[in-house]
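# Coordinate analysis (summary)
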Amino acid sequence: MDDTTLRLRSHKRVSGYPAQDQEAAANPRPHVIAQLGQSLDGRIATTSGESKYINGPHALDHLHALRASVDAVVVGVGTVCADDPLLTVRRIAGVSPARVVIDPSGRVDPNARCFAEDGVRRLVVRRRSVVAPPLPDGVEVVPMDDAPAFDPSAVLQSLVQHGFRRILVEGGPTTLSAFLEADLVDQLHVFVSPVILGAGRIGLSRKACDTLAHALRPKAQVHVFADSCSGAICGRAPAVPVRGTRLRQWRPIPPMNSTSHPEPYAPPARRIHWIMAALVILVIPLGFAMMNMDSGPTQDRLFDLHRSIGFTILCLAVIRVLIRILNPPPAPPEGMPKALWIVANSVHYALYVLIFVMPVLGWLASNAFGSAVSIFGLFTLPNIVAKNDALADLFGDWHARLGFVMTALVIMHAGAGLWHGVILRDGVLSRMWPGLSR
Ligand SMILES: NC(=O)c1ccc[n+]([C@@H]2O[C@H](COP(=O)([O-])OP(=O)(O)OC[C@H]3O[C@@H](n4cnc5c(N)ncnc54)[C@H](OP(=O)(O)O)[C@@H]3O)[C@@H](O)[C@H]2O)c1
Ligand code: HEM
């Protein structure tokens, strides 16, 4: 896998990324980077329009590093329609840039994933006169004059007015070629994948030149990515600060059979996962602590708190299952051995069962013991079983036993998640926490 970095506009010196900051300071024009992932025969998509993912994981890491180094990433509406990309930074540590879609006639699907609300600015560049379906809340419209095609420099000017100085034109070919033809691209990253498609969309096109003397000859720098060499040799890209973090150096990673990158869980699934994780991690030690303390008002208060959090978990468990039905989890992580996935999945299902069973057992045990379940002092749950000492022992014992099982599963599960995120850095943790490095 190759990344050929070409310096265009005025053919400046070839160097690493830090130059962008110096240039941005010295140059009132925004700094424009463009990227293209293509096959050996110059195609960016198959004849059916399939382009995910021509490139391998290292090129994708590099693309995400490019995203993290700019203020805004720009795509044409054709790319959003074809690929529905997220356009976020997920594979490396870094901040996601604003997402800009050039959509002159307002044909973009308002439910496109790049419009998802995640705290990042989202913009649509469209003709002033266009009447289109409403965009999601918070998506800004950048109105342009009613020309058949927008002048890319006018688009850039508007983006500068919106506060963006470093721009990544991510595609597709129509958008990228328009910026190139307008001589607005400072740096072009071409990811060349060792694959031959035979036919399909060509990435770059511009006015034909009759002689080689008229061809564009940007200065070029080539990085060889490790994944074309089975991870034995690595090409190095400069490690430079990227908005408070550091761009990782290319390093050998275990060869992957697949070229796709981890798809994250849907935002509602992620939110409820972390809320419930916090509650579960709080309620378990609370349970053990209150059982091992002397009776008295403090213990009573902790009991009430434990029961209240347990009931909250039960309510959230119902919502969580609904969220899961509406947002099915992503496919198993690429490259994960099947046996490991079965174990991980079994732990997930066991945790799902326990977030229902544990609160219900606690509720039953409390009622059988003769205690009402008061929720944060706001209201009291109806009794679901009459006072009965034998049942109180039975439910209480099982609540405690399963508490140990749940503790073990949570430790295994959280440990595995952190192991993936911190040691293996293979993208599994970022399925649940995309903002995190990997
Ligand atoms: N391999 C890669 O790196 C890569 C990257 C991105 C996309 N792709 C592939 O590229 C294909 C899509 O190509 P594409 O050329 O259709 O996509 P595109 O460049 O994303 O979108 C083109 C459309 O955007 C609008 N547009 C862009 N620049 C404009 C301008 N200056 N003025 C007015 N309108 C402008 C126009 O919309 P209207 O038609 O509404 O006027 C135009 O037809 C897909 O198959 C996708 O998978 C590959
Ligand atoms: C530091 C603590 C935790 C970390 C780092 C963590 C990490 C993760 C990660 C990375 C996934 C996605 C796995 C995948 O790629 O499929 C996941 C899924 C899951 N986690 Fe956690 N987790 C933590 C705590 C918890 C706790 C306390 C619970 C208890 C309820 C929990 C329950 C689940 C469940 C049920 C899933 C599966 C989600 C689904 O497929 O619908 N997690 N967790």
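Residues numbered from 1 in each chain as written. Chains lettered and ligands numbered in written order. Predicted model: local features only at pLDDT ≥ 70, side-chain atom pairs only at ≥ 80, totals over all residues.

### Brief notes about the overall build of the protein
Across its full length, the protein carries 10 helices and 13 strands. Split into buried and exposed, the 438 residues of the protein put 35% on the buried side. (Helix = DSSP H or I, 4+ residues; strand = E, 2+ residues; numbered from the N terminus. Buried ≥ 20, exposed ≤ 12 C-beta atoms within 10 Å, placed from the backbone.)

### Focus on the site of ligand 2
As a matter of local geometry, ligand 2 sits amid 21 residues, with Ala 277, His 348, Ala 414, Gly 417 and Met 432 nearest to it. At the level of elements, helix H6 (267-291), helix H8 (338-369), helix H9 (389-424) and helix H10 (428-432) are the ones that each hand at least two residues to the shell around ligand 2. When the residues that make up the shell around ligand 2 are grouped by side-chain class, the tally is 15 nonpolar, 4 polar and 2 charged. (Near = placed C-beta within 6 Å. Nonpolar A, V, L, I, M, F, W, Y, C, P; charged D, E, K, R; others polar.)

### Here's the deal with the site of ligand 1
Taken together, 28 residues lie near ligand 1, and Gly 76, Gly 78, Gly 171, Gly 172 and Thr 174 sit nearest. Of all the secondary structure elements, the ones that give two or more residues to the shell around ligand 1 are strand E2 (31-39), strand E3 (72-76), helix H3 (77-83) and helix H5 (173-181). The element best represented in the shell around ligand 1 is H3, accounting for 5 residues.

### Regarding helix H7 (residues 297-326)
Its 30 residues give H7 an end-to-end C-alpha distance of 44 Å, which sits within 8% of 44 Å, the value for a rise of 1.5 Å per residue. Where H7 is concerned, the buried positions are Phe 303, His 306, Arg 307, Ile 309, Gly 310, Ile 313, Ala 317 and Arg 320. Elements that come into contact with the buried residues of H7 comprise H6 and H8. (Expected span 1.5 Å × (residues − 1). Contact = placed C-beta atoms within 7 Å.)

### Some thoughts on the packing of H6 against H7
For the pair H6 and H7, the least separation of the axes is 9 Å and the interaxial angle reads 155°. One way to sum up the angle between H6 and H7 is to call them roughly antiparallel. In the crossing of H6 with H7, the sense of the turn from one axis to the other is left-handed. (Axes fitted to C-alpha atoms, helices over the stretch in contact; angles between N-to-C directions. Parallel < 35°, antiparallel > 145°, perpendicular 65-115°, else oblique. Left-handed = near helix turned anticlockwise from the far one by under 90°.)

### Notes on the confidence of the model for the protein
The predicted model of the protein has a mean per-residue pLDDT of 85, with 84% of residues at 70 or higher. Below pLDDT 50 for its whole length, residues 10-21 participates in 15 contacts with residues either more than four positions away or in separate chains. Note that residues 229-261 has pLDDT below 50 and, in this model, 70 contacts with residues that lie over four places away or in other chains. (pLDDT = per-residue confidence, 0-100.)

### Observations regarding the pairing of E3
By the criterion of burial, E3 is predominantly enclosed, with 5 of the 5 residues buried. Sheet topology note: the E3/strand E4 (residues 98-102) ladder contains 5 bridges and is parallel. Bridged to Gly 76 within E4 is Ile 102. Examined bridge by bridge, E3 and strand E7 (residues 166-171) share 4 bridges and lie parallel to one another. Residue pairing for E7: Val 74 is matched across the bridge by Val 169. (Pairing = 2+ DSSP bridges.)

### Some words on the nonpolar core
If you look at the biggest cluster of nonpolar residues, it comprises 54 residues, and the most contacted ones within it are Ala 34, Ala 72, Val 74, Val 100, Val 101, Ile 167 and Phe 179. The element that contributes the greatest number of residues to this core is helix H2 (residues 57-68), accounting for 6 residues. Those residues within four positions of Ala 72 in sequence are excluded, and the remaining contacts are Pro 97, Ala 98, Val 100, Leu 159, Phe 164 and Ile 167. Ranked by size, the runner-up nonpolar core spans 16 residues in total, among them Val 280, Val 283, Ala 365 and Phe 395. (Core = buried A, V, L, I, M, F, W, Y, C linked by C-beta atoms within 7 Å.)

### Quick look at unusual backbone geometry
Note that the residue after Gly 171, namely Gly 172, is joined by a cis bond; omega there is -10°. Within the element layout of this structure, Gly 172 appears in the loop between E7 and H5. Of note, Asp 183 is a non-glycine position whose phi angle comes to about 60°, a positive value. Positionally, Asp 183 belongs in the loop between H5 and strand E8 (187-193).

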